[in-house]
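# Summary of the model geometry
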Amino acid sequence: QVQLVESGGGLVQAGGSLRLSCAASGRTLSTYGMGWFRQAPGKEREFVATISWSGGSTYYADSVKGRFTISRDNAKNTVYLQMNSLKPEDTAVYYCALSRTPLSAHQPDRYAYWGQGTQVTVSA
């Protein structure tokens, strides 16, 4: 059984930084693309960032480009999301997901497994 566990969320002031981690068990991540999504209250889940199996390909939502960085450490079976220059509109529950393929992808239906999420709250 694959489990993805996010950590690193919390409360931060606007302009601050957080680093989210997603640790996997039950499957080696090294041959799969990974992604981060988020869902704010009253809104649909939206794509944030994705990375290919090797880390050689990354893709970001326009709203976070230049502020967020996705990375992975396959030896640790972990994916990260470094979030800088945070804004109140970044407030959401952040989810990591494991892709069905080695490639990066922004469509939610390309992902087979999801974590439970970690809350990120950015105060003005």
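Now for a description of the structure that goes with this document. (Residues numbered from 1 in each chain as written. Predicted model: local features only at pLDDT ≥ 70, side-chain atom pairs only at ≥ 80, totals over all residues. Heavy atoms only, no water.)

### Structural notes on the nonpolar core
With 35 residues, the main nonpolar core has Leu4, Trp36, Leu81, Met83 and Tyr94 as its most contacted residues. Where this core is concerned, the elements lending two or more residues are strand S3 (18–25), strand S4 (34–39), strand S5 (46–51), strand S7 (68–73), strand S8 (78–83), strand S9 (92–99) and strand S11 (118–123). Residue contributions to this core peak at five residues, all from S9. Leaving out residues up to four positions away in the same chain, Tyr94 has contacts with Glu6, Leu20, Trp36, Phe37, Arg38, Val48, Phe68, Leu81, Met83, Gly117, Thr118 and Val120. (Core = buried A, V, L, I, M, F, W, Y, C linked by side-chain atoms within 4.5 Å. Buried < 20%, exposed > 50% of the residue type's maximum accessible area, 1.4 Å probe, protein only. Helix = DSSP H or I, 4+ residues; strand = E, 2+ residues; numbered from the N terminus. Contact = heavy atoms within 4.5 Å.)

### Some points on the pairing of S8
Along S8, five of the six residues are buried, which leaves the element largely enclosed by surrounding structure. Across six bridges, the pairing between S3 and S8 is antiparallel. Bridge assignment links Ala23 to a residue of S8, and that residue is Thr78. A loop of four residues connects S7 with S8, the two strands running antiparallel in sequence, and Asn77 in this loop sits at a positive phi of about 55 degrees. (Pairing = 2+ DSSP bridges.)

### Concerning the sheet that holds strand S1 (residues 3–7)
The strand order S1-S3-S8-S7 describes an open sheet built from four strands, whose pairing is antiparallel. What marks the edges here is a single partner per strand, and that holds for S1 and S7. Taken pair by pair, the neighbouring strands of this sheet meet at an average axis angle of 15 degrees, ignoring direction. Relative to S3, S1 runs antiparallel, the two being bridged by five bridges. Across the sheet, the residue bridging to Gln3 is Ser25, located in S3. (Axes fitted to C-alpha atoms, helices over the stretch in contact; angles between N-to-C directions.)

### Overview of unusual backbone geometry
Phi is positive for Asn77, which is not a glycine, with a value near 55 degrees. Inspection of the secondary structure assignment puts Asn77 in the loop between S7 and S8. Its relative accessible area of 15% is what places Asn77 among the buried residues.

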